[in-house]
Amino acid sequence: MSVDEILRRRSSIRAFRADPVDPDLLARVIEGALQSPSWSNVQPYLLAVASGTECEALRRELIAASSSLVPSPEYPMLFEYPAPLNARRRATGFGLYGVLGIRREDHAAREEQYRRNFAFFGAPTVAFLFAHEALGAYAVLDAGVFLQSILLCGTAEGLGMCAQASLASYPDVVRGRFDVPDGYRLLCGISIGHPADEAVNRFRPVRMTPGELLLAPRADETPDRPGR
């Protein structure tokens, strides 16, 4: 597939089959993602991966934490969005819950679906992405590039993935399972596996058009004349 085809095929998977991910396959995905560019090639990120019994233990612990603890993310999580960002967020949420058959007023079903984040949507493998605090926004930027590379490499290999900020809600749980060096903060998690044949995995949110993306030139600017 071309890069364009991979980009168009990639989507956030929210239902996984139980069969495990081949370790060699996952290794190829990670090795491919390591070709990502970063600020002065400092590569200010680390990845923690859990499969099998380790994944199951983290699943249980994060589900329990989400039911009893106040979230304490190491990077701020936003819940108030300015327009038009909020309009896009709401449209995506309504579309997703519509596919799931969850009504807006059904708060119990909405809460249950949210808790599924911490069950990794049934994925047999989960990863956690850390960024170094010393570089501030640039570390987060570089980690985002690396994250996109993982998602695209995974798609190219036939894997399904879902990047989830929610999995950074309880960093102490994750740190209890991995030896994380000083200076690294938990940015997000990634559920990884083989997509299940369920309607939720066919949901596609609306993307911006090029006209919405591209900025118009200022009206008071005079274009340069030829040869100037």
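Because the structure is predicted, anything quoted here is derived from the model rather than measured.

Participant: Even after reading the chapter, I still don't get a nonpolar patch on the surface, so can you show me in this structure?
Facilitator: On the surface, W39, V42, Y138 and L141 cluster together into a nonpolar patch covering about 410 Å² of accessible area. Topologically, W39 is positioned in the loop between helix 2 (23-33) and strand 1 (45-51).

Participant: Looking at this structure, I do not really get helix 4 (residues 85-100). What am I missing?
Facilitator: For an α-helix, 3.6 residues make a turn, and residues three or four places apart therefore share a direction. For helix 4, spanning 16 residues, the distance from its first C-alpha to its last is 23 Å, which sits close to the expected 22 Å at 1.5 Å a residue. Taken from the residues just after helix 4, G101 is the one with a positive phi, measuring 75°.

Participant: Help me understand helix 2 in this model?
Facilitator: Every buried residue of helix 2 is accounted for by L25, L26, V29 and A33. Buried positions in helix 2, seen along its axis, are confined to an arc of 95° and lie on one side of it. The outward face of helix 2, more than 90 degrees from its buried face, is lined by the exposed residues P23, D24 and E31. Two or three places before D24, at the opening of helix 2, D22 has a side-chain oxygen 3.0 Å from that residue's backbone nitrogen.

Participant: Teacher, can you tell me more about the side chain of E74 here?
Facilitator: Examined against the element boundaries, E74 turns out to sit in the loop between helix 3 (52-68) and helix 4. At 2.8 Å, the side chain of E74 and the side chain of R175 are in polar contact.

Participant: Please clarify how the sheet that holds strand 4 (residues 184-193) should be interpreted in this entry.
Facilitator: Sheets are built from strands paired through backbone hydrogen bonds, the pairs being either parallel or antiparallel. Reading across from one edge, 1-2-4-3 is the order of the four strands in this open sheet, with antiparallel pairing throughout. Edge positions in the sheet fall to strand 1 and strand 3 (160-164), since each has one partner strand and no second. Each strand of the sheet is rotated relative to its neighbour by a mean of 25°, with strand direction disregarded. Taken together, the five bridges between strand 3 and strand 4 define a ladder with antiparallel strand orientation.

Participant: It is not clear to me how the pattern of salt bridges should be interpreted in this structure. Could you clarify?
Facilitator: One pass over the structure, following the stated rule, counts eleven salt bridges. E54 is the partner of R177 in a salt bridge, and the nearest nitrogen-oxygen pair spans 3.3 Å. Separated by 123 residues along the polypeptide, R177 in the loop between helix 7 (171-175) and strand 4 and E54 in helix 3 bring together distant segments of the chain. A residue is classified by how much of its surface remains accessible, and E54, at 33% relative accessible area, is partly exposed. Among the ionic pairs, R103 bridges to E105, the shortest N-O distance being 3.1 Å. Ionic contacts of the salt-bridge type, sharing partners, join the residues E54, E61 and R177 into one network.

Participant: Sorry, what's going on with the pairing of strand 2 (residues 125-132) here?
Facilitator: Side-chain positions along a regular strand alternate between the two faces of the sheet. Within strand 2, seven of the eight residues are buried, which leaves the element mostly enclosed by the surrounding structure. Bridge count between strand 1 and strand 2: seven bridges; the pairing is antiparallel. By the bridge assignment, A48 is partnered in strand 2 with F128. Judged from the eight bridges that link them, strand 2 and strand 4 form a sheet pairing that is antiparallel. Note on strand 4: the bridge partner recorded for L129 is C188.

Participant: What exactly am I supposed to notice about the nonpolar core here?
Facilitator: Soluble globular proteins: nonpolar side chains tend toward being buried together. Of all hydrophobic cores here, the largest spans 24 residues; its most connected members are L58, L62, F120, V126, F128, F130 and L167. Mapped by element, the contributors of at least two residues to this core are strand 1, helix 3, strand 2, helix 7 and strand 4. The element that contributes the greatest number of residues to this core is helix 3, accounting for four residues. Non-local contacts of F130, meaning those with residues more than four positions away in its chain, are made with P44, Y45, L46, A48, V174, R175, V180, Y184, R185, L186 and L187.

Participant: Mind showing me how you'd approach the packing of helix 2 against helix 6 (residues 137-156) here?
Facilitator: Two elements in contact, helix 2 and helix 6, have axes whose closest approach is 8 Å; the angle formed by their N-to-C orientations is 140°. The pairing of helix 2 with helix 6 is recorded here as oblique in orientation. Crossing of helix 2 over helix 6 shows right-handed handedness. Facing helix 2, whose interface residues are V29, G32 and A33, helix 6 presents F146, S149, I150, C153 and G154.

Participant: How should I be thinking about the state of the cysteines in this particular structure?
Facilitator: A disulfide bridge is the covalent bond that connects two cysteines by way of their sulfur atoms. Inspection of every chain in the model, using the stated rule, returns zero disulfides. Note on C153: no disulfide assigned, nearest cysteine sulfur contributed by C188 at a separation of 16 Å. Of the cysteine sulfurs around C188, a residue in no disulfide, the closest is that of C162, at 10 Å.

About the criteria used
Residues numbered from 1 in each chain as written. Predicted model: local features only at pLDDT ≥ 70, side-chain atom pairs only at ≥ 80, totals over all residues. Heavy atoms only, no water. Patch = residues over 30% accessible without salt bridge, like charges linked within 9 Å, V, L, I, M, F, W, Y side chains within 5 Å. Areas by Shrake-Rupley, 256 points an atom, 1.4 Å probe, with all protein chains shown as cover. Salt bridge = Lys/Arg side-chain N within 4 Å of Asp/Glu carboxyl O. Helix = DSSP H or I, 4+ residues; strand = E, 2+ residues; numbered from the N terminus. Expected span 1.5 Å × (residues − 1). Buried < 20%, exposed > 50% of the residue type's maximum accessible area, 1.4 Å probe, protein only. Arc of directions from axis to C-beta. Polar contact = N/O pair within 3.5 Å; in protein donor to acceptor, adjacent residues only side chain to side chain. Pairing = 2+ DSSP bridges. Axes fitted to C-alpha atoms, helices over the stretch in contact; angles between N-to-C directions. Core = buried A, V, L, I, M, F, W, Y, C linked by side-chain atoms within 4.5 Å. Contact = heavy atoms within 4.5 Å. Parallel < 35°, antiparallel > 145°, perpendicular 65-115°, else oblique. Left-handed = near helix turned anticlockwise from the far one by under 90°. Disulfide = S-S within 2.5 Å.

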